[in-house]
Amino acid sequence: MTHFVQMAEWSVYPGPNDSALPASVLFDGSSPETATVEKIDILSKRGLLQIEDFRNGLIIKSRSFVGKVRFGGLEITVEPKITGAPFMRLLRYAYSLRNLDLMDRATFETESLCFQDLLIYQLLLEATELANRGLRREFVRKEHLLPTPRGRFDINAIARTGVFPTDRLPCITHDRDVNVPLNRVLLAGLSHAARSTDSLWLRGKLNWLSSILREGVTPLKLSTATITDAQRCLTRITRVYEPALNLIELLYAGQGLSLDAGASVYLSGFLFDMNRFFQSLLSRFLNEHLVGFEVCDEESIRGMMRYDPANNPLNRRSPTLRPDFAIRQGGSTVAILDAKYRDLWRSDLPREMLYQLAMYALSQPTERSATILYPALGPSATDARIVITDPIDSATPARVIVRPVDLLAIDRVISQTMTPNRSAVATMLANSLVFGSAHA
């Protein structure tokens, strides 16, 4: 018997109306108990999902990761705060996915859509569009023994061997071939997605498309390295593959837990980091609409902290501050921003976040402030400011600003592609995120 737990991000199960579950539901014999305990322990250490066994039953605490994961007879689904069409638009925008709808969705919409299936469905649409346009072909060097010469003679082969059948000669050709790294990773990603989904409709469509690609493309083993190599192959001409590769990377990363030694433990399910999504969303929005400023992603703040050369026995590198965004104008940093996917309007600001932002603020030579950007749904949440005061002379050396980001407002802006004043509205919103509503 499978027990289903459905919860929101940053929540605790069981709630007031839920029944506690015994720890025995985690072990149904489908996998060794030690492997299950190891996965649960890694999830907790990585801050993905916390499962604790108390006398009265299991306590499950979700964080910023959403998706579905299974342990024995227990299936846990963590849903994002923002759902439906607005979330899909923001997701497409954050990861440069196209707004495609090439299939008849009647069958698909009758099934329950988990978050992973939404990503897989988008990958199916992207791959179908690539196949319909024509897969990438590149000139590949091939050596043949041909009865009718084609290309050019392989002089080196003739010199090495000297004797060939009278009806064939060694030739070198450069043929346009579809069996290139981009298409091989695309095929591997489709096969991985087909194995990952519980939707029979999706799996059938993915397997059908994979069978078409296999007519000219040989599969490879999907890994972080092969995905990275394919992304490095992207050029101006092959940029159309970028959305599909981004989705394959997200789906592959969502099922693996990296260990310190470099090995990975794979989940039965999928967990997606909403922190990563939130940072990608803000990065693209600010880069596109913050006019007159340069947005630097994860740029290091150097020189603030360093080991004393005379007291660094292990010769370690000096600590480096790395905020999510540094806003520059005329070569000077005018704002430091950090994206935190947590509802800081309804929950207290964790001290580790405060300490981190305080260091960012103190690193600035003039305007000594740093801003936390957190997600909100609607305009009710407003800025909060924490003043950092020198306890000796009561001076105010720095401040931390806690600022909500109305995701629905960003969705309205990016969905109004035909509105004449869309650019002006987007610029005002970008300025308000960086400098506050008074500067919008």
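Given the structure is predicted, the values throughout are model-derived calculations rather than measurements.

Draft legend 1. The arrangement of the side chain of Ser300 in detail. Summarising the element assignment, Ser300 is placed in the loop between β13 (294–297) and β14 (325–329). A polar contact is formed between the side chain of Ser300 and the side chain of Arg322, at a distance of 3.0 Å. Apart from the residues within four sequence positions on either side, Ser300 is in contact with Thr320, Leu321 and Arg322.

Draft legend 2. Fine view of the confidence of the model for the protein chain. When pLDDT is averaged across the protein chain, the result is 83; 90% of the residues are at 70 or more. Predicted confidence for residues 102–111 stays below pLDDT 50, and this span has 20 contacts to residues more than four positions away or in other chains.

Draft legend 3. Focus on the packing of aromatic side chains. Enumeration according to the criterion identifies five aromatic pairs in this entry. Ring geometry for Phe87 versus Phe277: centroids 5.5 Å apart, planes at 70°, classification edge-to-face. Residue Phe87 is found in helix α2 (residues 84–94), and its partner Phe277 is found in helix α10 (residues 274–289); the two are separated by 190 residues along the sequence. Here the two residues Phe87 and Phe277 agree in accessibility, since each one is buried. Relative to Trp201, the ring of Tyr121 has its centre 6.2 Å away and its plane inclined at 45°; by these criteria the two rings are tilted. Residue Tyr121 is found in helix α4 (residues 115–133), and its partner Trp201 is found in helix α7 (residues 200–213); the two are separated by 80 residues along the sequence. Neither residue differs from the other here; Tyr121 and Trp201 are each classed as buried. Sitting over the face of the ring of Tyr93, Arg284 holds its NZ or CZ atom 4.2 Å from the ring centroid. Against the face of Trp10 rests Arg342, its NZ or CZ located 4.3 Å from the ring centre.

Draft legend 4. Focus on the sheet that holds strand β12 (residues 269–273). In spatial order, the strands read β1-β6-β5-β12; together these four strands make up an open sheet with mixed pairing. The sheet is open, and its two edges are formed by β1 (3–8) and β12, each paired on a single side. Between one strand axis and the next, the sheet turns by 15° as a mean value, whatever way the strands run. As defined by bridge partners, strand β5 (residues 65–71) adjoins strand β6 (residues 74–79) across five bridges and the pair is classed as antiparallel. Note that in β6 the partner of Arg70 across the bridge is Glu75.

Draft legend 5. Focus on the sheet that holds strand β3 (residues 49–54). Strand order across the open sheet formed by three strands is β2-β4-β3, with antiparallel pairing between neighbours. With partners counted over all chains shown, the strands left at the sheet margins are β2 (12–13) and β3, one partner each. Pairing geometry for β2 and strand β4 (residues 57–62), over two bridges, is antiparallel. The residue bridging Val12 from the neighbouring strand is Lys61, located in β4.

Draft legend 6. Structural detail: the packing of α2 against α4. As a packed pair, α2 and α4 sit with axes 12 Å apart at the nearest point and diverge in direction by 55°. When the interaxial angle is binned, α2 and α4 end up oblique. In the crossing of α2 with α4, the sense of the turn from one axis to the other is right-handed. Contact residues: α2 offers Phe87, Met88, Leu91 and Arg92, while α4 offers Phe115, Leu118, Leu119 and Gln122. When grouped by side-chain class, the residues that make up the contact of α2 with α4 number six nonpolar, one polar and one charged.

Draft legend 7. Focus on the pattern of salt bridges. Scanning the entire structure with this criterion turns up 17 salt bridges. Here Arg133 makes a salt bridge to Glu129, at a shortest N to O gap of 3.1 Å. Residue Arg133 and its partner Glu129 are located together in helix α4, separated by four residues, close to a single helical turn. Owing to a relative accessible area of 54%, Arg133 belongs among the exposed residues under this scheme. A residue is classified by how much of its surface remains accessible, and Glu129, at 15% relative accessible area, is buried. One salt bridge connects Arg284 with Glu288, and the closest N-O pair in it is separated by 2.8 Å. Here Arg284 and its partner Glu288 are both found in helix α10, four residues apart, which amounts to about one turn of the helix.

So, how was this worked out
- Residues numbered from 1 in each chain as written.
- Predicted model: local features only at pLDDT ≥ 70, side-chain atom pairs only at ≥ 80, totals over all residues.
- Heavy atoms only, no water.
- Helix = DSSP H or I, 4+ residues; strand = E, 2+ residues; numbered from the N terminus.
- Polar contact = N/O pair within 3.5 Å; in protein donor to acceptor, adjacent residues only side chain to side chain.
- Contact = heavy atoms within 4.5 Å.
- pLDDT = per-residue confidence, 0-100.
- Phe/Tyr/Trp six-rings, centres within 6.5 Å; stacked < 30°, edge-to-face > 60°.
- Buried < 20%, exposed > 50% of the residue type's maximum accessible area, 1.4 Å probe, protein only.
- Lys NZ or Arg CZ within 6 Å of the ring centre and 35° of its normal.
- Pairing = 2+ DSSP bridges.
- Axes fitted to C-alpha atoms, helices over the stretch in contact; angles between N-to-C directions.
- Parallel < 35°, antiparallel > 145°, perpendicular 65-115°, else oblique.
- Left-handed = near helix turned anticlockwise from the far one by under 90°.
- Nonpolar A, V, L, I, M, F, W, Y, C, P; charged D, E, K, R; others polar.
- Salt bridge = Lys/Arg side-chain N within 4 Å of Asp/Glu carboxyl O.

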